[in-house]
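Architecture and fold: a report
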Amino acid sequence: MKILTIGELIVEITATTRGDRFLEPQPLFGPFPSGAPAIFISQVARFGVPCAMIACVGDDDFGKLNIDRLRADGVDVSAIATLPGECTGSAFVRYNTAGGRHFVFNIEKSASGRISSTPATEAAIKGSSHLHIMGTALSVAATRDMVLHAMARIKAHGGTVSFDPNVRPELLRDRSAEATMRRVLAETDIFLPSGDELFTFVDAPNEEEAVRALHQAGVGVVVVKRGAEGATLFDAAGRYDVAPIAVEEVDPTGAGDCFGAAFVGAWLSGFRREAALAYANAAGAACVTRVGPMEGALTRAELDGFLHHAAGIGAL
């Protein structure tokens, strides 16, 4: 088994002040390795599952920072291209007093928007049995094409797909992204929406009907991430809920990505659904306790310790 993801590999820079916009000079903190697919694959690797990423970075400090971090985590970085003359993508984030976030992204016009087919990307696709797709990656035309190509190849060889819609209004100015998301959903085996994202692609009056519609469309596993309220898994065996783990939130960025990574890694490794959801819940909770989207990603052994001390759960 090898898990592949495709998309933005960027740096994140965080304002140390709280406010609604970036309309005045202020102190900044970072850079941190980031990008939703990159956060996901970092946690997959730290969980101990073989994985790779297709991405592009610039020939600059930020690109080296990202590649070095993923390589250290255990990710196969052979399909991450360093493009001379291009700049690594970025995301500036500022939190407001209510806990919401305002982003300023530079992705499509950066190296992240220059993904193209190469012998290295084809080798990564051929060597993978599962593709994880982030909605953010579908907002960039070149990445969108690569995702659809990889999805077709992996599914044709009996592989599987997981999909986290991860809707970011700042990244969905291109209406074709929504149409692509629907194409992706039609091939999805594991769907990982956050809260009301469950209703993004189905017209249903309630959660139960929405899940039923997704199952009928061929999605075998639906996991609804509820943040501080825990999570729920729906599969052929029925519904299973997991309670939240109480932690002090420092930085929520990346929590959903780490949750999805631990779940997909555990599920594909053959863990029973209760254990897979417990690891996912722990990974999401641990992520928010540190500043920086990847800084709270834990190994499986560390997640075992976190579950024991924070939730009183023994070995899974």
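Residues numbered from 1 in each chain as written. Predicted model: local features only at pLDDT ≥ 70, side-chain atom pairs only at ≥ 80, totals over all residues. Heavy atoms only, no water.

Convention followed: UniProt positions are given in the numbering used here, feature names are shortened, and annotations may be inferred rather than shown by experiment.
By the naming in an unreviewed UniProt entry, the chain goes by Sugar kinase and is assigned to Gluconobacter thailandicus. The record in UniProt for the chain states the following under Sequence similarities (unreviewed entry): "Belongs to the carbohydrate kinase PfkB family."

Things to note about the sheet that holds strand 3 (residues 28-34)
What counts here: Pairing between strands requires that DSSP locate at least two bridges from one strand to the other. Only DSSP runs of H or I reaching four residues or more are called helices, and only runs of E reaching two or more are called strands; each is numbered from the N terminus. Between N-to-C directions, angles cover 0 to 180 degrees, with each direction set by a line fitted to C-alpha atoms, over the stretch in contact for helices. Contacts were defined at the residue level, with two residues in contact if any of their heavy atoms lie within 4.5 Å.
Across the sheet, four strands lie side by side as 3-2-6-7; this open sheet has mixed pairing. Edge positions in the sheet fall to strand 3 and strand 7 (101-106), since each has one partner strand and no second. On average, adjacent strands in this sheet sit at an angle of 20° to one another, irrespective of strand direction. In the sheet, strand 6 (residues 90-95) pairs with strand 7 via six bridges, with the strands oriented antiparallel. Bridging from a neighbouring strand, A91 pairs with F105 of strand 7. Along the sheet, helix 2 (residues 61-73) contacts strand 2 (10-15) and strand 3; its crossing angle with strand 3, the most-contacted strand, is approximately 50°.

A word on the packing of helix 3 (residues 119-126) against helix 4 (residues 141-156)
To be explicit about the condition: An angle counts as roughly parallel when it lies under 35 degrees, as roughly antiparallel when it exceeds 145, as roughly perpendicular when it falls between 65 and 115, and as oblique in every other case. By convention, the crossing between two helices is left-handed when the near helix turns anticlockwise from the far helix through less than a right angle, and right-handed when the turn is clockwise. Amino acids are sorted into nonpolar (Ala, Val, Leu, Ile, Met, Phe, Trp, Tyr, Cys and Pro), charged (Asp, Glu, Lys and Arg) and polar (every other residue, Gly among them).
The N-to-C vectors of helix 3 and helix 4 enclose an angle of 40°; their axes lie 9 Å apart at closest approach. When the axes of helix 3 and helix 4 are compared, the pair comes out oblique. Handedness of the helix 3/helix 4 crossing: right-handed. Residue-level contacts link T121, E122, I125 and K126 of helix 3 to M146, H149, A150, R153 and I154 of helix 4. For the contact of helix 3 with helix 4, a count of residues per class yields four nonpolar, two polar and three charged.

Regarding the packing of aromatic side chains
Quick reminder of the rule: Centre distance within 6.5 Å is the pairing criterion for rings of Phe, Tyr and Trp, where only the six-membered ring of Trp is used; planes under 30 degrees apart are then read as stacked, over 60 as edge-to-face, and the remainder as tilted. Any residue under 20% of the maximum accessible area for its type is buried, any over 50% is exposed, and the rest in between are partly exposed; the area is computed with a 1.4 Å probe on protein chains only.
All told, the structure shown has 10 aromatic pairs when counted by the stated rule. For the ring pair F22 and F92, a centre distance of 6.3 Å and an interplane angle of 85° mean the geometry is edge-to-face. Placement of F22 in the loop between strand 2 and strand 3 and of F92 in strand 6 is noted, with a sequence separation of 70 residues between them. Given the relative accessible area of 24%, F22 is considered partly exposed. Centre to centre, the rings of F263 and W267 are 5.3 Å apart; their planes meet at 25°, and the pair counts as stacked. Here the residue F263 and the residue W267 both occupy positions in helix 7 (residues 255-268), the gap between them amounting to four residues, near one helical turn. On the accessibility criterion, F263 (0% relative accessible area) is buried. A relative accessible area of 24% places W267 in the partly exposed class. Within the aromatic cluster, the residues linked to one another by ring pairs are F47, F271 and Y279.

Re the sheet that holds strand 8 (residues 130-134)
Spatial strand order, 5-4-1-8-9-10-11-12-13: nine strands in an open sheet with mixed pairing. Taken across any chain shown, the strands that pair with only one partner, and hence form the sheet edges, are strand 5 (80-83) and strand 13 (238-242). Inspection of the sheet shows strand 12 (residues 231-235) paired to strand 13 by five bridges, in the antiparallel sense. In the sheet register, D235 faces strand 13, and the bridge partner there is G238.

So, the pattern of salt bridges
Close approach of charged atoms allows side chains of opposite charge to pair. Test applied: Any Lys or Arg side-chain nitrogen located within 4 Å of an Asp or Glu carboxyl oxygen qualifies as a salt bridge.
Summed over all chains, the structure comprises 20 salt bridges. Linking R153 and E122 is a salt bridge whose minimum nitrogen-to-oxygen distance equals 2.6 Å. Placement of the pair is R153 in helix 4 and E122 in helix 3, with a sequence separation of 31 residues. Classification of R153 as partly exposed rests on a relative accessible area of 25%. Judged by relative accessible area, E122 falls into the partly exposed class, the value being 22%. For the salt bridge of E274 with R272, the shortest nitrogen-to-oxygen distance reads 3.9 Å. E274 sits in the partly exposed class, given a relative accessible area of 30%. Bridged by salt links that share partners, the residues R46, R69, D73, E295 and E302 form one connected network.

Things to note about the side chain of H130
Under the convention used in this document: Polar contacts, as counted here, are pairs of nitrogen or oxygen atoms within 3.5 Å of one another; within protein the pair requires one atom able to donate a hydrogen and one able to accept it, and residues that are adjacent in sequence qualify only if both atoms are side-chain atoms.
Looking at where H130 falls in the secondary structure, it is placed in strand 8. Here S162 takes part through its side chain, which lies 2.7 Å from a polar atom of the side chain of H130. Those residues within four positions of H130 in sequence are excluded, and the remaining contacts are K2, I3, L4, I154, T160, V161, S162, I190, V264 and L268.

Section: the environment of E122
Distance from E122 to H149, taken between C-alpha atoms, is 9.8 Å for residues 27 residues apart in sequence. Contact partners of E122, with chain neighbours within four places excluded, come to S117, H149 and R153. Of the polar contacts made by the side chain of E122, one reaches the side chain of S117; its length is 3.0 Å.

Things to note about the pairing of strand 9 (residues 160-164)
Where we set the bar: A clockwise course of the path from the first strand over the helix to the second, judged with the strands pointing away from the viewer, identifies a crossover as right-handed.
Of all five residues in strand 9, four are buried, a share of seventy percent or more. Where the polypeptide runs from strand 8 across helix 4 and back to strand 9, its parallel neighbour, the crossover connection is right-handed. As defined by bridge partners, strand 9 adjoins strand 10 (residues 190-191) across two bridges and the pair is classed as parallel. Directly across from F163, in strand 10, lies its bridge partner F191.

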